[in-house]
Amino acid sequence: SQTIHQWPATLVQPVGSPLSLECTVEGTSNPNLYWYRQAAGRGLQLLFYSVGIGQISSEVPQNLSASRPQDRQFILSSKKLLLSDSGFYLCAWIVGVGAFFGQGTRLTVV
Amino acid sequence: ELKVEQNPLFLSMQEGKNYTIYCNYSTTSDRLYWYRQDPGKSLESLFVLLSNGAVKQEGRLMASLDTKARLSTLHITAAVHDLSATYFCAVDTGAQKLVFGQGTRLTINP
């Protein structure tokens with residue numbers, strides 16, 4: 001069966017520090033992968049999506065970047081975090097029957 | 001650009017009552033999804049609606065899709081406390097990207 005893993009679950013980072021969030025998928029090949037961010041009490045904003053290795057599309061200009069080094073791995077990064085980067089980050093794998101989400105990472109930038 | 005709007009955004013209701021959450025979207029799509037999110041948790045898939053007139057039911061929840069009106073509804077019958085959560089609709093843009101509504105925070109009181 002297909003599963004999606006995301007870690008860490010919680011992260012507290014100082015302003016200006018780097019960030020790396022990882023997402024991996026099991027049980028499928030060549031998945032379409034997505035990073036969403038959810039601000040407190042808000043909806044989901046699409047940040048990046050990838051349809052294959054090395055292929056990244058950015059939806060909004062921001063302080064973050066994404067990479068797809070392997071078929072089933074999707075990484076969200078930042079060189080220097082801002083306070084406004086705080087939020088709940090969700091990795092998703094989307095197929096014809098919708099999106100399957102990882103457990104999410106709650107990032108607090110202090 | 002596809003816009004998805006839910007209403008109401010906040011809903012407080014008593015156990016045993018019926019209510020409906022509405023999801024309107026701005027451009028043509030025949031794929032719509034409903035998700036549930038508990039506080040601090042990731043999103044859980046509830047319904048997948050893939051054609052005009054589609055109706056799906058699970059327990060006290062029923063979802064429907066009218067692609068001509070660009071409207072989906074999530075109906076709650078005889079609400080119980082366990083249904084308290086935030087509910088999101090999401091619409092497929094046609095490129096396997098999902099645009100989410102703002103979410104409806106549902107609180108069911110005894």
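A brief look at the structure comes next. (Residues numbered from 1 in each chain as written. Chains lettered and ligands numbered in written order. Predicted model: local features only at pLDDT ≥ 70, side-chain atom pairs only at ≥ 80, totals over all residues. Heavy atoms only, no water.)

1. Some thoughts on the interface of chain A and chain B
Consideration 1: Residue-level contacts link 23 residues of chain A with 19 residues of chain B.
Consideration 2: Each partner contributes to the roughly 1500 Å² buried at the junction of chain A and chain B, and carbon and sulfur atoms together form 52% of this total.
Consideration 3: Looking only at chain A, the three residues that lose the most surface to chain B are Leu 44, Gly 96 and Phe 101 of chain A, adding up to 26% of its buried area.
Consideration 4: Where chain A touches chain B, the interface holds one salt bridge. (Contact = heavy atoms within 4.5 Å. Buried area = accessible area lost by both parts, 1.4 Å probe. Salt bridge = Lys/Arg side-chain N within 4 Å of Asp/Glu carboxyl O.)

2. Comments concerning the environment of Val 12 of chain A
Residues and elements named next belong to chain A.
Consideration 1: Tracing the backbone shows Val 12 in strand 2 (residues 10-13).
Consideration 2: C-alpha of Val 12 to C-alpha of Arg 106: the two residues are 94 residues apart in sequence and 8.3 Å apart in space.
Consideration 3: Other than its neighbours up to four places away in sequence, Val 12 contacts Thr 108 and Val 110. (Helix = DSSP H or I, 4+ residues; strand = E, 2+ residues; numbered from the N terminus.)

3. Section: the state of the cysteines
Consideration 1: Applying the stated criterion to the full structure yields two disulfides over all chains.
Consideration 2: Between the sulfur atoms of Cys 23 of chain A and its disulfide mate Cys 91 of chain A the distance is 1.9 Å. On the sign convention where negative is left-handed, the bridge of Cys 23 of chain A and Cys 91 of chain A, at about -70 degrees about the S-S bond, is left-handed. Of this pair, Cys 23 of chain A sits in strand 3 (residues 19-26) while Cys 91 of chain A sits in strand 9 (residues 87-95), and the two are 68 residues apart along the sequence. Each member of the pair Cys 23 of chain A and Cys 91 of chain A is classed as buried.
Consideration 3: Between the sulfur atoms of Cys 23 of chain B and its disulfide partner Cys 89 of chain B the distance amounts to 2.0 Å. Handedness of the Cys 23 of chain B-Cys 89 of chain B disulfide follows from its S-S torsion of about 80 degrees: it is right-handed. (Disulfide = S-S within 2.5 Å. Buried < 20%, exposed > 50% of the residue type's maximum accessible area, 1.4 Å probe, protein only.)

4. A look at the packing of aromatic side chains
We describe a pair of aromatic rings using the distance from one ring centre to the other and the angle between the two ring planes.
Consideration 1: Tallied over the entire structure, the rule returns ten aromatic pairs over all chains.
Consideration 2: On the basis of an interplanar angle of 85 degrees and a centroid distance of 5.7 Å, the ring pair of Phe 101 of chain A and Tyr 35 of chain B is categorised as edge-to-face. Of this pair, Phe 101 of chain A sits in strand 10 (residues 98-101) while Tyr 35 of chain B sits in strand 4 (residues 32-37), on two different chains. Here Phe 101 of chain A matches Tyr 35 of chain B in class, with each residue buried.
Consideration 3: Sitting over the face of the ring of Phe 88 of chain A, Arg 106 of chain A holds its NZ or CZ atom 4.5 Å from the ring centroid. (Phe/Tyr/Trp six-rings, centres within 6.5 Å; stacked < 30°, edge-to-face > 60°. Lys NZ or Arg CZ within 6 Å of the ring centre and 35° of its normal.)

5. Some details on the environment of Thr 107 of chain B
Residue and element names in this part refer to chain B.
Consideration 1: In this fold, Thr 107 is placed in strand 11 (residues 104-109).
Consideration 2: Spatially, the C-alpha atom of Thr 107 lies 8.4 Å from that of Gln 14, the residues being 93 residues apart in sequence.
Consideration 3: Excluding residues within four positions of it along the chain, Thr 107 makes contact with Leu 11, Ser 12, Met 13 and Ser 84.

6. Here's the deal with unusual backbone geometry
Consideration 1: That bond from Trp 7 of chain A to Pro 8 of chain A is cis: its omega, 0 degrees, falls within 30 degrees of zero.
Consideration 2: Residue Pro 8 of chain B is reached from Asn 7 of chain B by a cis peptide bond, and omega for that bond is 0 degrees.
Consideration 3: Here Pro 8 of chain B lies in the loop between strand 1 (4-7) and strand 2 (10-14).
Consideration 4: We note that Asn 30 of chain A has phi near 50 degrees; this positive angle belongs to a residue other than glycine.
Consideration 5: Looking at the secondary structure, you find Asn 30 of chain A in the loop between strand 3 and strand 4 (32-38).
Consideration 6: Look at Ala 78 of chain B: it is not a glycine, yet its phi comes out positive at around 50 degrees.
Consideration 7: Tracing the sequence through the fold places Ala 78 of chain B in the loop between strand 8 (71-76) and strand 9 (85-92).
Consideration 8: The partly exposed category is assigned to Ala 78 of chain B, whose relative accessible area is 24%.

7. With respect to the sheet that holds strand 3 of chain A
Residue and element names in this part refer to chain A.
Consideration 1: Strands sit in the order 1-3-8-7 across an open sheet of four strands; the sheet is antiparallel. The sheet is open, and its two edges are formed by strand 1 (3-7) and strand 7 (65-70), each paired on a single side. Mean inter-strand twist for the sheet, computed between neighbouring axes without regard to direction, equals 20 degrees.
Consideration 2: The pairing of strand 3 with strand 8 (residues 73-78) spans six bridges and is classified as antiparallel. The residue of strand 8 that forms the bridge with Cys 23 is Phe 74. (Pairing = 2+ DSSP bridges. Axes fitted to C-alpha atoms, helices over the stretch in contact; angles between N-to-C directions.)

8. Structural notes on the pairing of strand 3 of chain A
Note on strand geometry: in a regular strand, side chains alternate between the two faces of the sheet.
Consideration 1: Inspection of the sheet shows strand 1 of chain A paired to strand 3 of chain A by five bridges, in the antiparallel sense. By the bridge assignment for strand 3 of chain A, Thr 3 of chain A is matched with Glu 26 of chain A.

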